[in-house]
Amino acid sequence: MVVIGKIRTKQNPEKKIQNKLISYLRERDWFVRQTHGGSYQAGVPDLYAVKRRYGARWIEMKNVVNYRFTDDQLDVFPQLSKQGVGIWVLQGHTDADYARLFGPPNWASYLPVSNPYMRRRSRQEKDRGPLKKAGSGPEMVIQDKIVAALEADGWFCLTMAGCLFQSGFPDLYVAKKGEGTRWIEVKNPDGYTFTGSQLETFARMQAEGVGIWILTSVTQIPLLYEKPNWHHFLK
């Protein structure tokens, strides 16, 4: 399991380009959400964009002149690719950049054949330490059991820990080659609520054809093979 935790919101050139791309995509009726606030933060790609007609895209913004992949990205991106999840690297917000979203996923083409950063990463790997927990409480206990069971069954799991930019996303994004992807929200069966941001985001994701599954225990994992059910939990 990879935990995507809290991040800083420092502005940088890639961030400015990213904001312009968000506006460009929204003008074309894409639903777009930022996942984190800087290019050297956690390993999830910068943007999640979806449009019913075209499906979902994970987008990573990179500076044309100078870019690199972080340790977390070098962990997460290959695992997503292995499970059949595409990642598109864009370097701007032009029509030509937009056209790349309709070609094959291209992130691997941005890795140099000889990459000193990747060699340095292998030496630093042992110093990174364990990933921090995203939270605690009854729902986290349930979530940990669900993640353990899914990973044992070959699913790759990203835990979308709550922060300013991830507000509204479901708790888990999971992927398995041959089975596709699922967004999962974990709720305590003894009492739960949806935040305003979740209600807005979930409804928009559903409108664009993205399913969200609510699970209240590890025994409900088979529900992932049925229709999305989040709307049944609205009070």
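Just above, that's the structure.
Residues numbered from 1 in each chain as written. Predicted model: local features only at pLDDT ≥ 70, side-chain atom pairs only at ≥ 80, totals over all residues. Heavy atoms only, no water.

**Thoughts on unusual backbone geometry**
- Unusually for a residue other than glycine, aspartate 29 sits at a positive phi of about 70 degrees.
- By secondary structure assignment, the location of aspartate 29 is in the loop between helix H1 (13-27) and strand E2 (31-34). (Helix = DSSP H or I, 4+ residues; strand = E, 2+ residues; numbered from the N terminus.)

**Digging into the environment of arginine 204**
- Relative to the assigned elements, arginine 204 resides in helix H6 (residues 196-207).
- Considered as a pair, arginine 204 and phenylalanine 31 are 173 residues apart in the sequence and their alpha carbons are 7.3 Å apart.
- Excluding residues that lie within four positions of it along the chain, arginine 204 makes contacts with Asp29, Trp30 and Phe31. (Contact = heavy atoms within 4.5 Å.)

**With respect to the environment of histidine 93**
- Checked against the element boundaries, histidine 93 lands in the loop between strand E5 (87-90) and helix H3 (95-100).
- Taking C-alpha positions, histidine 93 is 8.7 Å from leucine 25, a pair spaced 68 residues apart along the chain.
- Leave out the neighbours within four places in its chain, and histidine 93 touches Ile17, Lys20, Leu21 and Tyr24.

**Concerning the packing of aromatic side chains**
- In total, this model carries 23 aromatic pairs according to the counting rule given.
- Ring centres of tryptophan 58 and tyrosine 173 lie 5.2 Å apart, and the angle between their planes is 80 degrees; this geometry places the pair in the edge-to-face category. Linking tryptophan 58 in strand E4 (residues 55-61) with tyrosine 173 in strand E7 (residues 172-176), this pair joins segments that are 115 residues apart in sequence. In this structure, tryptophan 58 and tyrosine 173 share a single accessibility class: buried.
- Their ring planes at 40 degrees and their centres at 6.1 Å tell us that tryptophan 58 and tryptophan 183 sit as a pair that is tilted. (Phe/Tyr/Trp six-rings, centres within 6.5 Å; stacked < 30°, edge-to-face > 60°. Buried < 20%, exposed > 50% of the residue type's maximum accessible area, 1.4 Å probe, protein only.)

**Structural notes on the side chain of arginine 33**
- Mapped onto the fold, arginine 33 is located in strand E2.
- Of the side chains with opposite charge, glutamate 200 lies nearest to the buried arginine 33, which makes no salt bridge, at 6.4 Å.
- There is a polar contact of 2.6 Å between the side chain of arginine 33 and the side chain of threonine 201. (Lys, Arg positive; Asp, Glu negative; His and termini not counted. Salt bridge = Lys/Arg side-chain N within 4 Å of Asp/Glu carboxyl O. Polar contact = N/O pair within 3.5 Å; in protein donor to acceptor, adjacent residues only side chain to side chain.)

**Describing the pairing of strand E9 (residues 212-215)**
- Both faces of E9 are covered, namely the face carrying Ile212 and Ile214 and the face carrying Trp213 and Leu215.
- In this fold, the crossover linking strand E8 (residues 180-186) to E9 by way of H6 has right-handed handedness. (Right-handed = clockwise from strand over helix to strand, strands pointing away.)

**Brief notes about H6**
- Between the first and last C-alpha of H6 there are 17 Å, a value that for 12 residues agrees with the 16 Å anticipated at 1.5 Å per step.
- Those residues of H6 hidden inside the fold are in contact with E2, strand E3 (47-51), E8 and E9.
- Positioned one or two residues after H6, glycine 209 has a phi angle of 90 degrees, which is positive. (Expected span 1.5 Å × (residues − 1).)

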